Amino acid sequence: MFRLLFLLFVTVPLLEIYLLIQIGSRIGALYTVGLVILTAILGVALLRLQGLITLARVRQSLDQGRIPAVTLVEGLVLLVAGALLLTPGFFTDALGFLCLVPAFRTRLAKAILKRLIEKRPPPGDGPGPGPATVDAEYWEVEKSERLDNH
């Protein structure tokens, strides 16, 4: 996991710098900066709209007595999308906008939940929900012995 994070923290900024240089050399530095700012503003506006829609879906599920697990994970995906959209660069903006697409976000949320459920230990294998086996010793106490100790 550490290697993956290290790889991401090194390669993503390098990719962003490369794309900014390539696009800047084609359309000019000022237009490139303007485009980065425009995508951030547009992304935040779309993020706000999608966030309000997701919040309404959470409320609706709760009102109907259902657990909105997928919708809550979608909310977390939107949080990540917001961070990606506010990070200057075209690659992170593309990933952020991809997370704003409802169909993609729902599929991603379901995949995340499925992976979390697969990693969960089966019931009865320790603390948590489900029956657990307790290894203990016991002894029987005669009725007269119980009365003598009190």
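Residues numbered from 1 in each chain as written. Predicted model: local features only at pLDDT ≥ 70, side-chain atom pairs only at ≥ 80, totals over all residues. Heavy atoms only, no water.

**So, helix H3 (residues 69–86)**
Over its 18 residues, H3 runs 26 Å from end to end, which matches the ideal 26 Å to within 8%, given 1.5 Å per residue. Among all positions of H3, only Thr71, Val73, Glu74, Val77, Leu78, Ala81, Gly82, Leu84 and Leu85 are buried. (Helix = DSSP H or I, 4+ residues; strand = E, 2+ residues; numbered from the N terminus. Expected span 1.5 Å × (residues − 1). Buried < 20%, exposed > 50% of the residue type's maximum accessible area, 1.4 Å probe, protein only.)

**Topic: the environment of Leu35**
For Leu35, the location among the structural elements is in helix H2 (residues 29–63). In this structure the C-alpha to C-alpha distance between Leu35 and Gly89, which are 54 residues apart in sequence, comes to 9.5 Å. Once residues lying within four places of it in the same chain are set aside, the contact partners of Leu35 are Ile27 and Phe90. (Contact = heavy atoms within 4.5 Å.)

**Some words on the side chain of Gln50**
Assignment of secondary structure puts Gln50 in helix H2. Every residue in contact with Gln50, bar those within four places of it in the chain, is listed here: Leu78, Leu100, Pro102 and Arg105.

**Brief notes about the pattern of salt bridges**
On inspection of all chains with the given rule, the structure shows 2 salt bridges. Its salt-bridge partner being Arg57, residue Glu74 comes within 3.0 Å of it at the nearest N-O pair. Of this pair, Glu74 sits in helix H3 while Arg57 sits in helix H2; the two residues are 17 residues apart in sequence, bridging distant segments of the chain. Overall, the relative accessible area of 0% leaves Glu74 in the buried class. Arg57 gets classed as partly exposed once you look at its relative accessible area, which sits at 30%. Of the charged contacts in the structure, one is a salt bridge between Glu74 and Arg105, with a shortest N-O distance of 3.3 Å. Taken together, the residues span a long stretch of sequence, with Glu74 in helix H3 and Arg105 in helix H5 (residues 102–119) at a distance of 31 residues. Neither Glu74 nor Arg105 differs from the other in exposure class; each is buried. Connected via shared salt-bridge partners are Arg57, Glu74 and Arg105. (Salt bridge = Lys/Arg side-chain N within 4 Å of Asp/Glu carboxyl O.)

**With respect to the packing of H2 against H3**
Where H2 meets H3, the closest approach of the two axes is 10 Å, and the angle between their N-to-C directions is 170°. Judged on the interaxial angle alone, H3 and H2 are roughly antiparallel. On the side of H2, the interface is formed by Ala40, Gly43, Val44, Leu47, Gln50, Gly51, Thr54, Arg57 and Val58, while H3 contributes Thr71, Leu72, Glu74, Gly75, Leu78, Ala81, Gly82, Leu85 and Leu86. A per-class count over the contact of H2 with H3 returns 9 nonpolar, 7 polar and 2 charged. (Axes fitted to C-alpha atoms, helices over the stretch in contact; angles between N-to-C directions. Parallel < 35°, antiparallel > 145°, perpendicular 65-115°, else oblique. Nonpolar A, V, L, I, M, F, W, Y, C, P; charged D, E, K, R; others polar.)

**Let's talk about the packing of H3 against H5**
Their axes nearest at 8 Å, the elements H3 and H5 cross at an angle of 110°. By the criterion of interaxial angle, the relationship of H3 to H5 is roughly perpendicular. Judged by the twist between their axes, the crossing of H3 over H5 is right-handed. Along the contact surface, H3 presents Ala69, Val70, Val73, Glu74, Val77 and Leu78, while H5 presents Arg105, Thr106, Leu108, Ala109, Lys110, Ile112 and Leu113. Considered class by class, the residues forming the contact of H3 with H5 number 9 nonpolar, 1 polar and 3 charged. (Left-handed = near helix turned anticlockwise from the far one by under 90°.)

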